[in-house]
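Fold and geometry: a report
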Amino acid sequence: MSLLTIGSVAFDALETPFGKTDKIIGGAATYITLAASYFTQKNNLVAVVGGDFPQDMINLLQTHGVNTDGLQIKQDEKTFFWSGKYHTDMNTRDTMDIQLNVMEHFDPVIPEAYQNCEYLMLGNTAPAIQRMVIERLHKRPKLIMLDTMNFWMDVAWDDLIQVLGMVDVLTINDEEARLLSKEYSLRKAAAKIMKMGPKTLIIKKGEHGALLFQGDRIFFAPALPLEEVFDPTGAGDTFAGGFIGYLASTDDTSFENMKRAIIYGSAMASFCVEKFGTERIVNLTEQDVNNRVLEFVKLASFEIH
Ligand code: AMP
């Protein structure tokens, strides 16, 4: 089944306890489409970059089977820029700088060939743009998933609440779930958020895994305890790309299949954090992915007598 992804395509500057990078390629949609490319061949991107964005990176996306016909290049403008600094625990970070640049007036154009996508991934970007994309599709996709972050809760609360009413699955981290629901207990937070629109909620907890909520059902997926975590940037997006890529490839949106998808998403995210930026997720093999998933199965299986 075909997947349409929108979201930021960016330059990032990162600082972790292990080192610092100058501008490297990042952005939510970059991580999502790369991760999803391991599952689906119909992987369509809608995003915007400036004339400063390297053609090499667009070529790399294309070699991963990503259709970039929906990637607008504004020659005279600059690509979205984000800079983040991680605390020593690597689970929390501060945004040091954010320059919306081309994203500020982004008018998403959906190529005709993308119109009948069955799965829509609204990656991190302004909620008003996320809504515009839903409205510009002639037919509602079978499943719409949305990712967002605290920044948009601070600057675009009303737009966010509006678009939440239009989606099926929301993925946010624990801090954002508390901010959105004004509840500390994640269970209470989930109940409140599911009343805002999404029937399914995924709360990411970094190195402590992820929780999947749907109605009264809850499933927990661990994160793989890794010896070294270099850079958590993009882990959430890589997770989302693995999750929705797996759902699109199996075309099964049942809760049971979402449990499998959350493990595939977690496996993809575990690769992402092993190196800086997108470095680790650009040349994985199917075998690498399957072996990693088996590690999760071993990690979380037990028998009871
Ligand atoms: P994650 O670590 O999965 O939360 O995502 C990190 C990516 O999100 C980085 O590559 C950034 O370029 C991108 N990003 C950070 N802030 C924003 C924002 N406000 N809107 C869109 N993308 C963002």
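No experiment lies behind these values; they were computed from the predicted model shown.

**Let's talk about the site of the ligand**
- In the vicinity of the ligand lie 21 residues, with Ser-8, Asp-12, Gly-27, Gly-234 and Asp-237 positioned nearest.
- At 2.9 Å from an oxygen atom of the ligand is found a side-chain nitrogen or oxygen belonging to Arg-93.
- In this structure, an oxygen atom belonging to the ligand sits 2.7 Å away from a side-chain N or O atom of Asp-237.
- For the shell around the ligand, the secondary-structure elements that each account for two or more residues are strand S2 (10–16), strand S7 (80–86), strand S8 (93–99), helix H4 (150–155) and helix H8 (235–250).
- Top contributing element to the shell around the ligand by residue count: H8, with three residues.
- Looking at side-chain class alone, the shell around the ligand contains 11 nonpolar, seven polar and three charged residues.

**Some thoughts on the packing of helix H3 (residues 127–136) against helix H5 (residues 157–164)**
- Between H3 and H5, the shortest axis-to-axis distance is 8 Å and the interhelical angle comes to 30°. Accordingly, the angle class assigned to the pair H3 and H5 is roughly parallel. The handedness of the crossing between H3 and H5 is left-handed. Listed contacts from H5 to Pro-127, Ala-128, Gln-130, Arg-131 and Ile-134 of H3 are Asp-159, Leu-160, Gln-162 and Val-163.
- Looking at the contact of H3 with H5 residue by residue, the class counts come to five nonpolar, two polar and two charged.

About the thresholds
- The written sequence of each chain sets the order in which its residues are numbered from 1.
- Reporting of local features is limited, given that this is a predicted model, to residues whose pLDDT is at least 70; pairs of side-chain atoms are given and counted only at 80 or more, and all residues count toward the totals for whole chains, interfaces and linings.
- Hydrogens and water molecules were not included; the side-chain quantities draw on all heavy atoms of the structure.
- Being near a molecule or strand, for a residue, means having at least one of its heavy atoms within 4 Å of it.
- We define a polar contact as two N or O atoms separated by no more than 3.5 Å, with the added condition that, inside protein, one atom must be a possible hydrogen donor and the other a possible acceptor, whereas residues neighbouring each other in sequence contribute only through side-chain atom pairs.
- Segments assigned H or I by DSSP are reported as helices when at least four residues long, segments assigned E as strands when at least two residues long, and all are numbered from the N terminus.
- The classification used treats Ala, Val, Leu, Ile, Met, Phe, Trp, Tyr, Cys and Pro as nonpolar, Asp, Glu, Lys and Arg as charged, and all other residues, Gly among them, as polar.
- Only the contacting stretch of a helix is used when fitting its axis, a line to C-alpha atoms as for every element, and angles between N-to-C directions run 0 to 180 degrees.
- An angle below 35 degrees is treated as roughly parallel, one above 145 as roughly antiparallel, one from 65 to 115 as roughly perpendicular, and anything else as oblique.
- Handedness of a crossing is defined here by the sense of rotation of the near helix relative to the far one, left-handed for an anticlockwise turn of less than a right angle and right-handed for a clockwise turn.
- Throughout, a contact is declared for two residues whenever any of their heavy atoms are within 4.5 Å.

Bear in mind that shape data such as this cannot, by itself, settle questions of function.
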